2 protein chains.
Amino acid sequence: MGEFELIDRFFRRARPAPRAVPLGIGDDCALLAPAPGMQLAVSTDMLLEGRHFLSTVDPSRLGHKALAVNLSDLAACGARPVAFTLSLALPSVDESWLEGFARGLFALADEHGCELIGGDTTRGPLAISVTVFGEVPAGQALLRSGARAGDDLYISGTLGDARLALEVFRGALTAPAPVFELARARMEQPTPRVALGQALRGVATSAIDVSDGLLGDLGHVLRGSNVGATVWAGSALPLLGVREKAGDPGDLPDEARQLEFVLAGGDDYELLFTAPQARREAVASAAAASATPVTRIGRIEAQPGLRVLDGQGREIRSSFASFEHFA
Amino acid sequence: MGEFELIDRFFRRARPAPRAVPLGIGDDCALLAPAPGMQLAVSTDMLLEGRHFLSTVDPSRLGHKALAVNLSDLAACGARPVAFTLSLALPSVDESWLEGFARGLFALADEHGCELIGGDTTRGPLAISVTVFGEVPAGQALLRSGARAGDDLYISGTLGDARLALEVFRGALTAPAPVFELARARMEQPTPRVALGQALRGVATSAIDVSDGLLGDLGHVLRGSNVGATVWAGSALPLLGVREKAGDPGDLPDEARQLEFVLAGGDDYELLFTAPQARREAVASAAAASATPVTRIGRIEAQPGLRVLDGQGREIRSSFASFEHFA
């Protein structure tokens, strides 16, 4: 099967193009037309076998994830997904693999009204590069640079589950099947917080998606905004989502390890954001409107650096840098 | 060197962002703001070692080519380059390689006022994925679908040189040093016809960039426009650019092989376009204004199919399909 037949068969779909896509797949370029007053948010991520996913992953889950990690970046900017491009290097033309990959990819794309507008396929070691486009009203994108001293610090969902699954895959941990399956789904099929991101426009002062671990990504916000923060790592912090599936404490790693996964696990794709204390009701409304759990986990402060407190208010680590070895 | 340090050191530059880029590299997304009345042309290409370039290629030439092949797609739409993203998988952090790659990349980017606005770096088999963005007035993009019976058919520059270099690299041909060096430069550092593409807006009825060979890419235009064509493969067709460097006929492959390289060589990145016969002066003006040689090589016809005539007007091949084995 040649490149053009492959594209026709698996990636071209007969459907009316959305308003913002005057020209889709099939020419030298696609054309995008943001509505008047809108800017176009752009993000790109490349996934490689062995580095970002295991060779054994279900192809439909991989199709989902390749787009999800990019939609998560749009969510962090408060943008509405519009379109994406896909470049795919494949070691061979495996029709069953391609069918599954396209199914997972388009299921998520359709959920968000995000149109495939172009791409490239070639033979090579499995690599997936997606570039995604979203609309955001001019001046309203959520940036890393807007956090202000006194702001509350929030996280969506739960953290650390994907890392737990990774450690089980690596053979470093064991977990009962229900715990592992939930963690694995979090790792392989993350949910981009697209609705929450848009609901937070005009409410949040800054946002970032957590892909490299909570503390590492919070560090980007603190540097971007020239502020510091305290994170309450005790009861205020949402712990592993898989705790609800655990029968007894022995089903999970010890509490210190769980905390490490939560603070620096990676591959979470939750939104970390800040908002003024005066906007707590607006944050609650955004969470409710987007049906996304949100937890207040700390405070932005003028004092530089990142302080992490345990349930008794004792500092767990004295500086952000101490956590980099988790990465 | 970590990912963030690598980006800071080789790919982040302190410079004022252009008007159309309200937010560049460094956040979850970049922001693009096309001017009122403008659409955004988008194209993406992935280059893999061993498939699209040799492992021995000079990294600065590779940086040039990774962007050039994408700018060539913008040129074929008549778009003005604005910005690009770069995803890079690297087997190791080789500072001298990265310095060279970035130098070649930014030299071409700066020539076209095209801003790096984001990307991704990761460890893996060498792969380069670029997505490029350009502005084009709404409704004025050059498409593959606009060719009409009676239109003239044109090609910019010369063809087949890159293929000659490839055959020398493969050991299938030999060539004297001046011939080989020119051919190699055409293969490794193609010139995207960006100024010509923009000058052809409102003049050309269709355009495509020749990356897979003249006849193959012409086939896309014919199918897109539902027309046929005759190509004059005799004296009208610009032959290898390297002919001017050849001392005697023995320095080049035989005429039949040269013609094959010209008609179906690949990696040319010239513009193939159509325009009404009444616009010949406008085409000449566009060529002059963009300092780009342009040659009339055939005619669009209502009769479907692709006819190729030699210098004596004899048909060389009876159908487009006959040429696919060149690919």
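Residues numbered from 1 in each chain as written. Chains lettered and ligands numbered in written order. Predicted model: local features only at pLDDT ≥ 70, side-chain atom pairs only at ≥ 80, totals over all residues. Heavy atoms only, no water.

## A look at the UniProt feature "binding site: Mg(2+) 3" (unreviewed entry) in chain A
Under the UniProt annotation, the feature "binding site: Mg(2+) 3" (unreviewed entry) is placed at Asp28(A), Asp73(A) and Asp209(A). These annotated residues cover 182 residues of sequence, and their C-alpha atoms reach 32.3 Å apart at the extremes, leaving them scattered rather than at a single site. Along the polypeptide, Asp28(A) turns up in the loop between α1 (3-11) and β1 (30-32). For Asp28(A), a relative accessible area of 5% corresponds to the buried category. In this structure Asp28(A) touches Val42(B), Ser43(B), Asp73(B), Ala76(B), Cys77(B), Arg144(B), Ala207(B), Ile208(B) and Asp209(B), once residues within four positions along its chain are discounted. Excluding residues within four positions of it along the chain, Asp209(A) makes contact with Val69(A), Ser72(A), Asp73(A), Ala76(A), Asp217(A), Tyr269(A), Glu270(A), Leu271(A) and Asp28(B). (UniProt positions renumbered as here; feature names shortened; annotations may be inferred. Helix = DSSP H or I, 4+ residues; strand = E, 2+ residues; numbered from the N terminus. Buried < 20%, exposed > 50% of the residue type's maximum accessible area, 1.4 Å probe, protein only. Contact = heavy atoms within 4.5 Å.)

## Re the sheet that holds strand β3 (residues 80-90) of chain A
One open sheet holds the five strands; their spatial order is β4(A)-β3(A)-β5(A)-β2(A)-β1(B), and the pairing between them is mixed. A strand with exactly one partner marks an edge of an open sheet, and here the two such strands are β4 (115-123) of chain A together with β1 (30-32) of chain B. Each neighbouring strand pair of the sheet contributes to a mean axis angle of 20°, computed without reference to strand direction. In terms of strand pairing, strand β2 (residues 38-48) of chain A meets strand β5 (residues 127-137) of chain A through 11 bridges, oriented antiparallel. Within β5(A), the residue paired with Gln39(A) across the bridge is Val136(A). Sheet strands in contact with helix α2 (residues 59-77) of chain A are β2, β3 and β5 of chain A, and its direction is about 30° off that of β5(A). Contacts from helix α3 (residues 95-111) of chain A reach β3, β4 and β5 of chain A within the one sheet, and its direction differs from that of β3(A) by about 165°. (Pairing = 2+ DSSP bridges. Axes fitted to C-alpha atoms, helices over the stretch in contact; angles between N-to-C directions.)

## Topic: the pattern of salt bridges
Pairing is possible between side chains that carry opposite charge, provided their charged atoms lie close to one another. Following the criterion strictly, the structure yields 46 salt bridges over all chains and no others. As a salt-bridge pair, Arg184(A) and Glu188(A) come within 3.2 Å of each other at their nearest N and O atoms. Of the two residues, Arg184(A) and Glu188(A) both sit in helix α5 (residues 177-188), four residues apart, roughly one turn of that helix. By relative accessible area, Arg184(A) is classed as partly exposed at 21%. The buried category is assigned to Glu188(A), whose relative accessible area is 6%. Close ionic contact of Glu301(B) with Arg307(B) constitutes a salt bridge, the shortest N to O distance being 2.7 Å. (Salt bridge = Lys/Arg side-chain N within 4 Å of Asp/Glu carboxyl O.)

## Topic: α3(A)
All names here are of chain A. The end-to-end C-alpha distance of α3, which contains 17 residues, comes to 24 Å, matching closely the 24 Å that a straight helix rising 1.5 Å per residue would cover. Looking only at α3, the buried set comprises Trp 97, Leu 98, Gly 100, Phe 101, Ala 102, Gly 104, Leu 105, Phe 106, Leu 108 and Ala 109. Backbone nitrogen of Ser 96 and a side-chain oxygen of the N-cap are separated by 3.1 Å at the start of α3; the cap is Asp 94. Immediately beyond the C-terminal end of α3, within one or two residues, lies Gly 113, with a positive phi of roughly 60°. (Expected span 1.5 Å × (residues − 1). Polar contact = N/O pair within 3.5 Å; in protein donor to acceptor, adjacent residues only side chain to side chain.)

## Some words on the interface of chain B and chain A
Tallying the contact residues gives 52 residues for chain B and 52 residues for chain A. Where chain B packs against chain A, one counts 18 residue pairs in polar contact (both at pLDDT 80 or more). Of all the secondary-structure elements, those providing two or more residues to the side of chain B that touches chain A are β1, β2 (38-48), α2 (59-77), β3 (80-90), β4 (115-123), β5 (127-137) and β7 (206-210) of chain B. Looking at the side of chain B that touches chain A, the element that brings in the most residues is β2(B), giving nine residues. In terms of residue class, the side of chain B that touches chain A is made up of 29 nonpolar, 13 polar and 10 charged. (Nonpolar A, V, L, I, M, F, W, Y, C, P; charged D, E, K, R; others polar.)

## Topic: the environment of Gln277(B)
All names here are of chain B. The topology assignment puts Gln 277 in the loop between β9 (270-275) and α9 (280-289). Here Gln 277 falls in the partly exposed class, since its relative accessible area comes to 38%. Distance from Gln 277 to Asp 254, taken between C-alpha atoms, is 34 Å for residues 23 residues apart in sequence. If near-sequence neighbours (up to four positions away) are discounted, Gln 277 is found in contact with Gly 150, Asp 152 and Arg 299.

## Describing the nonpolar core
Ranked by internal contacts, the top residues of the largest apolar core, which has 55 residues, are Phe11(B), Leu67(B), Phe84(B), Leu86(B), Phe101(B), Ile128(B) and Phe273(B). Per-element accounting of this core gives the leading share, 10 residues, to α2(B). In terms of domain composition, this core takes at least three residues from each of domain 1 (3-137) and domain 2 (152-326) of chain B. Filtering out sequence-adjacent residues up to four positions away, Leu67(B) remains in contact with Phe84(B), Leu105(B), Leu108(B), Ala109(B), Val130(B) and Val132(B). Core analysis: the next-biggest nonpolar cluster, separate from the first, contains 54 residues, Leu62(A), Leu67(A), Ala141(A) and Val203(A) among them. (Core = buried A, V, L, I, M, F, W, Y, C linked by side-chain atoms within 4.5 Å. Domains from an automatic or database assignment.)

## Focus on the packing of helix α1 (residues 3-11) of chain B against helix α3 (residues 95-111) of chain B
Residue and element names in this part refer to chain B. Two elements in contact, α1 and α3, have axes separated by 10 Å at closest approach and are oriented at 50°. What the angle tells us is that α1 and α3 run oblique. Between α1 and α3, the contacting residues are Leu 6, Arg 9, Phe 10 and Phe 11 on the first element and Glu 95, Leu 98, Glu 99, Phe 101, Ala 102, Leu 105 and Phe 106 on the second. In the contact of α1 with α3, the residues fall into eight nonpolar, no polar and three charged. (Parallel < 35°, antiparallel > 145°, perpendicular 65-115°, else oblique.)

## Quick look at unusual backbone geometry
Residues and elements named next belong to chain B. With a phi close to 65°, Asp 267 is a non-glycine residue in the positive phi region. Within the element layout of this structure, Asp 267 appears in the loop between α8 (255-264) and β9. The phi dihedral of Tyr 269 is positive, around 55°, even though this residue is not glycine. With respect to the helices and strands, Tyr 269 occurs in the loop between α8 and β9.

## Observations regarding the UniProt feature "binding site: Mg(2+) 5" (unreviewed entry) in chain A
If you check UniProt for "binding site: Mg(2+) 5" (unreviewed entry), the listed places come out as Asp212(A) in our numbering. Counting through the fold element by element, Asp212(A) comes out in the loop between β7 (206-210) and α7 (214-225).

## Quick notes on the sheet that holds β5(B)
Across the sheet, five strands lie side by side as β1(A)-β2(B)-β5(B)-β3(B)-β4(B); this open sheet has mixed pairing. Edge strands, defined here as strands with exactly one partner in the open sheet, are β1 of chain A together with β4 of chain B. Across the sheet, the mean angle from the axis of one strand to that of its neighbour is 20°, orientation sign disregarded.

## A closer look at the packing of aromatic side chains
Following the criterion strictly, the structure yields nine aromatic pairs over all chains and no others. Considering the side-chain rings of Tyr154(A) and Phe273(A), the 5.0 Å spacing of their centres and the 10° angle between planes classify their relative orientation as stacked. Of this pair, Tyr154(A) sits in strand β6 (residues 152-156) while Phe273(A) is found in strand β9 (residues 270-275), placing the two residues 119 residues apart along the sequence. A centroid spacing of 5.3 Å and a plane angle of 70° characterise the contact between Phe169(A) and Phe180(A), whose relative ring orientation is edge-to-face. A residue pair is termed long-range when its members are at least 10 positions apart, and Phe169(A) in helix α4 (residues 161-169) and Phe180(A) in helix α5 qualify at 11 residues. The buried category is assigned to Phe180(A), whose relative accessible area is 14%. Geometry around Phe106(B) places Arg13(B) over its ring, the cationic atom sitting 3.8 Å from the centre. (Phe/Tyr/Trp six-rings, centres within 6.5 Å; stacked < 30°, edge-to-face > 60°. Lys NZ or Arg CZ within 6 Å of the ring centre and 35° of its normal.)

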